[in-house]
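Descriptive analysis of the structure
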Amino acid sequence: MSENERFSTVDSVVFALSLLMSAGIGVFAAWQSRNHATTSDYYVGSKQMSVIPVSLSLLASFISAIAVVGIPAEIFYYGMEYITYVLSPLLAIPVVCWVFLPVFHRLGDERNITSAYQYLELRFNRYVRLMGTLAFTVMTFLYMAIVLYTPSLALSQVTGISLWLTIVCSGGVCTFYTAIGGMKAVVWTDALQMGFLFLGLLALGIGGLITAGGFANAWEIAVKGGRTQIFNFDPNPIVRYSTWATVVGGSFMTLSLYASNQSMIQRYLSIKKSSHAQIAVLLNIPLKIVLVLLLALCALVMYAHHWDCDPLLAGYVSKSDQIVPYFTLQVLGFIPGATGLFVAACYSGALR
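Let us look at the structure shown here.

Definitions and cut-offs
- Every chain begins its residue count from 1, and numbering advances along the sequence as written.
- It should be noted that, the model being predicted, local features are given only for residues of pLDDT at least 70 and side-chain atom pairs only at 80 or more, the latter also being counted only at that level, while totals for whole chains, interfaces and linings use all residues.
- Side-chain measures here rest on the full set of heavy atoms in the structure, leaving out hydrogens and waters.
- Numbering of helices and strands runs from the N terminus, with a helix taken as a DSSP run of H or I at least four residues long and a strand as a DSSP run of E at least two residues long.
- Every radius of gyration here is taken over C-alpha atoms, with the globule rule written as 2.2 Å times N^0.38, N being the number of residues.
- Contacts between residues were defined by any pair of non-hydrogen atoms, one from each residue, lying within 4.5 Å.
- Note on areas: these come from Shrake-Rupley sampling with a 1.4 Å probe, and a residue is covered only by the protein chains present in the view.
- For the purpose of counting charges, residues Lys and Arg are taken to be positive, whereas Asp and Glu are taken to be negative. His and the chain ends are not included.
- The atom standing in for a charge is NZ when the residue is Lys, CZ when it is Arg, CG when it is Asp and CD when it is Glu.
- A simple rule labels every residue: compare its accessible area, found with a 1.4 Å probe on the protein chains alone, to the largest value its type can have, and call it buried under 20%, exposed over 50%, or partly exposed in between.
- In this scheme, a helix's expected span is set at 1.5 Å multiplied by one less than its residue total.
- Any residue with relative accessible area above 30% and no salt bridge may belong to a patch, with like charges joined within 9 Å and the nonpolar Val, Leu, Ile, Met, Phe, Trp and Tyr side chains within 5 Å.
- The working definition used for a salt bridge is a side-chain nitrogen of Lys or Arg within 4 Å of a carboxyl oxygen of Asp or Glu.
- Only Phe, Tyr and Trp rings take part, Trp by its six-membered ring, and two of them pair if their centres are within 6.5 Å. Stacked means planes under 30 degrees apart, edge-to-face means over 60, and tilted covers everything else.
- Throughout this description, the term charge over a ring refers to an Arg CZ or Lys NZ atom that lies within 6 Å of the ring centre and within 35 degrees of the ring normal.
- In this text, buried Ala, Val, Leu, Ile, Met, Phe, Trp, Tyr and Cys residues form a nonpolar core when linked through side-chain atoms within 4.5 Å.
- All axes are obtained by fitting lines to C-alpha atoms, using only the stretch in contact for helices, and the reported angles, taken between N-to-C directions, cover 0 to 180 degrees.
- A clockwise turn of the near helix away from the far one marks a right-handed crossing, whereas an anticlockwise turn of less than a right angle marks a left-handed crossing.
- The classification used treats Ala, Val, Leu, Ile, Met, Phe, Trp, Tyr, Cys and Pro as nonpolar, Asp, Glu, Lys and Arg as charged, and all other residues, Gly among them, as polar.
- Here a polar contact is recorded for every N or O atom pair within 3.5 Å, except that within protein the pair must consist of a potential hydrogen donor and a potential acceptor, and residues adjacent in sequence are included only if both atoms are side-chain atoms.
- Roughly parallel means an angle under 35 degrees; roughly antiparallel means over 145; roughly perpendicular covers 65 to 115; every other angle is labelled oblique.

It is worth spelling out the overall build of the protein chain at this point. Of regular secondary structure, the protein chain possesses 16 helices and zero strands. Relative to its length of 352 residues, the protein chain is compact, with a C-alpha radius of gyration of 21 Å against a globular reference of 20 Å. When its C-alpha atoms are laid out on the principal axes, the protein chain stretches across 60 × 50 × 30 Å. In the protein chain, the share of contacts with a sequence separation of at least 24, taken over all contacts with a separation of at least 6, comes to 82%. Roughly 16100 Å² of accessible area belongs to the protein chain as shown, and the carbon and sulfur atoms make up 68% of that amount. With 18 positive and 15 negative side-chain charges, the protein chain shows a spacing of 15 Å between the two charge centroids.

Pasting the structure below:
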């Protein structure tokens with residue numbers, strides 16, 4: 001690995017600052033609420049959160065570090081068919097806005113609920129609430145194990161730091177600011193982390209285009225490699241991707257996340273007016289589209305560089321999840337702090 005392909009001191013400082021800023025938001029939120037801390041303030045930010053940060057926070061709940069390093073690697077190996085998933089929010093999110101969200105908001109105003117499981121008790125009984133809570137808790141434990149592992153794997157690839165140490169540190173930062181700052185800290189930290197994510201993906205995409213000789217050249221290489229097919233209407237259920245699976249199946253998955261997931265509902269209830277909460281959710285449609293297209297751009301330029309030399313087969317990386325951070329070092333390693341920014345972007349998918 002050349003000097004330009006190492007995680008420099010400046011990169012380490014940039015990455016450390018991103019973690020400190022996340023922790024600092026938690027401390028500030030706790031200090032700001034020190035004289036009027038209530039249950040409502042902790043769980044739903046006293047219902048005083050603004051549309052833009054909540055919308056970014058909702059997006060943060062959708063995107064994980066698995067997606068940041070996994071989607072570009074998936075497109076690198078299997079082509080662009082995945083990106084038709086961006087059509088699914090167009091079908092699912094309006095249903096959430098006008099069918100599900102008003103119900104939770106009305107109950108939040110009338111019954112002061114702060115979770116989906118309180119609704120289950122009101123609608124059915126306490127046992128159903130407990131079953132739903134237990135199922136969500138188990139799912140979250142299993143999900144967070146993977147979400148923490150993925151960016152830690154990326155960081156260990158570019159820095160050589162112990163995998164387990166990075167897992168403990170990232171989990172510790174997230175637990176710290178959530179525990180002391182409540183919903184206000186979570187929402188504002190999510191908004192900050194989405195800023196890191198968009199900046200990191202833009203830096204990698206633009207840097208990759210420059211070194212690949214421009215978009216036209218990168219696209220031509222992808223065409224020759226058979227990576228540019230987007231729509232696939234094959235009804236065969238065992239094909240890796242089809243438009244039916246990504247759009248129809250993706251719509252149901254998006255509906256399940258936005259209509260019933262506790263992480264989402266708690267954010268809806270942090271906005272005072274139902275109409276404003278609907279705007280926050282609707283903004284996720286263009287935000288999701290831009291985000292997935294940026295991930296696809298990163299995959300495109302990555303393929304333009306490595307179409308004739310697979311880093312995994314060549315032994316430069318040991319897992320496909322390490323291809324994106326490896327490529328980041330190649331493209332951005334000569335810019336002080338740029339690799340640190342991208343690693344911070346990867347971590348933005350785990351610190352929530």
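Let's shift gears to helix α16 (residues 338-347). Of all ten residues that make up α16, ten are buried, and the element is covered over most of its length. Where α16 is concerned, the buried positions are A338, T339, G340, L341, F342, V343, A344, A345, C346 and Y347.

What follows covers helix α1 (residues 9-32). In this model α1 runs 34 Å from its N-terminal to its C-terminal C-alpha over 24 residues, within 8% of the 34 Å that 1.5 Å per residue would give. Regarding α1, the residues found buried are D11, F15, S18, L19, S22, A23, G26 and A29.

This brings us to a nonpolar patch on the surface. On the surface, L87, L90, L91, F231, F233, W244, V248 and F252 cluster together to form a nonpolar patch covering roughly 830 Å² of accessible area. Taken together, the elements giving at least two residues each to the nonpolar patch come down to α5 (88-110) and α10 (243-260). Ranked by residues supplied to the nonpolar patch, first place goes to α10 with three residues. Inspection of the secondary structure puts W244 in helix α10.

Here the focus is the packing of aromatic side chains. Tallied over the full model, the rule gives 13 aromatic pairs. Ring centres 6.1 Å apart and planes at 35° place the aromatic pair F28 and W31 in the tilted group. In this pair, F28 and W31 both sit in helix α1, three residues apart, roughly one turn of the helix. Overall, the relative accessible area of 47% leaves F28 in the partly exposed class. What links up through ring pairs into an aromatic cluster is the set F76, Y77, Y78 and Y303. Sitting over the face of the ring of F124, R123 holds its NZ or CZ atom 4.9 Å from the ring centroid.

Bringing the pattern of salt bridges into the picture now. Taken as a whole and assessed by the stated rule, the structure comprises seven salt bridges. Among the ionic pairs, D190 bridges to R267, the shortest N-O distance being 2.9 Å. With D190 in helix α8 (residues 163-212) and R267 in helix α11 (residues 262-268), the pair connects residues that are 77 residues apart, well separated along the chain. With a closest N to O distance of 3.5 Å, K224 and E220 form a salt bridge. In this pair, K224 and E220 both sit in helix α9 (residues 215-224), four residues apart, roughly one turn of the helix. Via salt bridges that share partners, E121, R126 and R129 belong to a single interconnected network.

Here we come to the nonpolar core. Core analysis: the largest hydrophobic core is formed by 78 residues, its most contacted members being I63 and Y268. Tallying contributions element by element places helix α13 (residues 284-306) first for this core, with 14 residues.

Here we come to the packing of α8 against α13. For any two helices packed against each other, one specifies the inter-axial angle together with the distance between the axes. Where α8 contacts α13, the axes come no closer than 9 Å and their chain directions differ by 35°. Here the hand of the crossing between α8 and α13 comes out left-handed. Residues L197, F198, L201, L202, L204, G205, G208, L209, T211 and A212 of α8 touch α13, and the partners they reach there are L287, V290, L291, L294, L295, L297, C298, V301, A304 and H305. Among the residues forming the contact of α8 with α13, the class breakdown is 16 nonpolar, four polar and no charged.

So, on to the side chain of D11. Position of D11 relative to the elements: it lies in helix α1. Side-chain polar atoms of D11 contact the backbone nitrogen of A338, separated by 3.5 Å.

This part takes up the packing of helix α3 (residues 51-62) against α8. Following both chains from N to C, one finds α3 and α8 inclined at 70°, their axes separated by 8 Å at the closest point. In terms of their interaxial angle, α3 and α8 are classed as roughly perpendicular. Handedness of the α3/α8 crossing: left-handed. Together, P53, V54, L56, S57, L59 and A60 of α3 and V186, V187, W188, D190, A191, M194 and F198 of α8 make up the contact between the two elements. Class assignment for the residues of the contact of α3 with α8 results in eleven nonpolar, one polar and one charged.

Turning our eyes to something else, we now look at unusual backbone geometry. One non-glycine residue, K47, adopts positive backbone phi at about 60°. For K47, the position within the fold is in the loop between α2 (39-44) and α3. Look at K47 and you get buried, because its relative accessible area is 15%. Even without a glycine there, the phi angle at N112 is positive, about 60°.

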